[in-house]
Amino acid sequence: MDWLDRVAGLKRWTKHGVRAPHKPLLLLYALGSYQQDTAYELRYSAVEEELKRLLAEYGPANPTTPAYPFHHLVNDGVWEVWTAAGPGSPGSGIGVLRSSGATGRLAPGLRMALGEEPALLGRMARVLLDAHFPASLHADLCEAVGLDPEQAGTGAAVVARRQRDRRMREQILTAYEFQCAFCGYDGAIGGSTVGLEAAHVRWWSHEGPDEVDNGLCLCSLHHKLFDKGVLGLGEGHRILVSRRFVGRSEASRRHVLDLSGRPVLGPQRGLPPVADRHREWHTRQVFHGEAREAADRLVSAG
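Here's a quick rundown of the structure.

Definitions and cut-offs
Residues numbered from 1 in each chain as written. Predicted model: local features only at pLDDT ≥ 70, side-chain atom pairs only at ≥ 80, totals over all residues. Heavy atoms only, no water. Phe/Tyr/Trp six-rings, centres within 6.5 Å; stacked < 30°, edge-to-face > 60°. Buried < 20%, exposed > 50% of the residue type's maximum accessible area, 1.4 Å probe, protein only. Helix = DSSP H or I, 4+ residues; strand = E, 2+ residues; numbered from the N terminus. Salt bridge = Lys/Arg side-chain N within 4 Å of Asp/Glu carboxyl O. Core = buried A, V, L, I, M, F, W, Y, C linked by side-chain atoms within 4.5 Å. Axes fitted to C-alpha atoms, helices over the stretch in contact; angles between N-to-C directions. Parallel < 35°, antiparallel > 145°, perpendicular 65-115°, else oblique. Left-handed = near helix turned anticlockwise from the far one by under 90°. Contact = heavy atoms within 4.5 Å. Nonpolar A, V, L, I, M, F, W, Y, C, P; charged D, E, K, R; others polar.

1. Side note on the packing of aromatic side chains
Piece 1. Enumeration according to the criterion identifies five aromatic pairs in this entry.
Piece 2. Ring geometry for Y34 and Y40: centres 6.5 Å apart, planes at 85°, overall edge-to-face.
Piece 3. Overall, the relative accessible area of 10% leaves Y34 in the buried class.
Piece 4. A relative accessible area of 6% places Y40 in the buried class.
Piece 5. Here F182 and F226 contribute two aromatic rings whose centre-to-centre distance is 5.9 Å and whose plane-to-plane angle is 75°, an arrangement assigned as edge-to-face. Taken together, the residues F182 in the loop between α10 (168–175) and β5 (188–189) and F226 in helix α11 (residues 220–227) connect sequence positions 44 residues apart.
Piece 6. A relative accessible area of 2% means that F182 is categorised as buried.

2. Focus on the pattern of salt bridges
Piece 1. A full pass over the atoms with the stated rule returns 17 salt bridges.
Piece 2. Measuring nitrogen to oxygen at the nearest pair gives 3.8 Å for the salt bridge that ties D213 to R277. Placement of D213 in the loop between β7 (196–200) and β8 (215–219) and of R277 in helix α13 (residues 276–285) is noted, with a sequence separation of 64 residues between them.
Piece 3. Overall, the relative accessible area of 17% leaves D213 in the buried class.
Piece 4. Two residues, E250 and R253, come together in a salt bridge whose shortest N-O distance is 2.3 Å. Of the two residues, E250 and R253 are both situated in helix α12 (residues 250–255); the distance of three residues between them amounts to about one turn of the helix.
Piece 5. Here the salt bridges do not stand alone but share partners, grouping E41, E80, R105 and R111 into one network.

3. Regarding the nonpolar core
Piece 1. Core analysis: the largest hydrophobic core is formed by 48 residues, its most contacted members being L28, W79, L106, L114 and L141.
Piece 2. Listed in part, the 30 residues of the second largest apolar core include V212, I239, L259 and V264.

4. What about the packing of helix α2 (residues 22–36) against helix α3 (residues 44–58)?
Piece 1. Remark: α2 packs on α3, axes separated minimally by 10 Å, with the N-to-C direction vectors making an angle of 125°. It follows that α2 is oblique to α3 by the angle criterion. Classified by chirality, the crossing of α3 by α2 is right-handed. Contacts between α2 and α3 pair H22, L25, L26 and Y29 from the former with V47, E50, L51, L54, L55 and Y58 from the latter.
Piece 2. Each residue belonging to the contact of α2 with α3 can be placed in one class, and the counts come to eight nonpolar, one polar and one charged.

5. Considerations on α11
Piece 1. For α11, every residue scored as buried is listed here: H222, H223, L225, F226 and D227.
Piece 2. Buried residues belonging to α11 abut β7, β8, β9 (231–233), α12 and α13.
Piece 3. Just downstream of α11 lies G229, where phi reads positive at about 85°.

See the structure below:
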């Protein structure tokens, strides 16, 4: 049995391109728990709140529940659930998972494989991260689920999938004249850019192409905020700032809140801006909640 293929092929609910990272998040959480204690068990009622926080931070903008993956991940052969009544999940209802004492952990065959080949854990984690989340979120996500990617050996070979275009970064940075499209930052040292990154608008892990019209040159801060749904792109290629973002300092106002309503800087004349289909995907699948009013309107109103 090839566990990497099984993990890469997790069955997920798909409709209208909606992101559904529920199972990958639960499996990453289970791998982190196993790495810390191979004898772990996850009682639903004990981990529900922590899993809800993970889904709120790394899942789609709409409210969701960890009950769905806790029950359905069993069907992928990598997870088992039992209750006081015996093996098997009692269902996907929140109430029954709580009242029955439903408890889950990695499937016996997978635990045995991990015991025989510890580096497999890291390779599985890398498959899940690459397939469902942008690279800018990998380190934060590993920390959130208690996973040590270095100890797990995530540098090892993984399942062959779509290959990224290595020219993407140079093409995007050139298109935006080596400056952040949101704030204009253009730092360099020794002739090399520093702190500038090529961001996919529609995530590469969700069929986003390595094309100029699906990319932005962003500084490290704004890349992370864009991928976390704090920032977005509106009609007319103006910057959106989520109403859910809270920042009280002068730095938060200057680097985030004041961006609301500003036009994107670039790309160069003759090169395509972000395509509406990619911009709209990001707004639906990543951006959190409603956008704040444009900063210039707020200033004039005052």
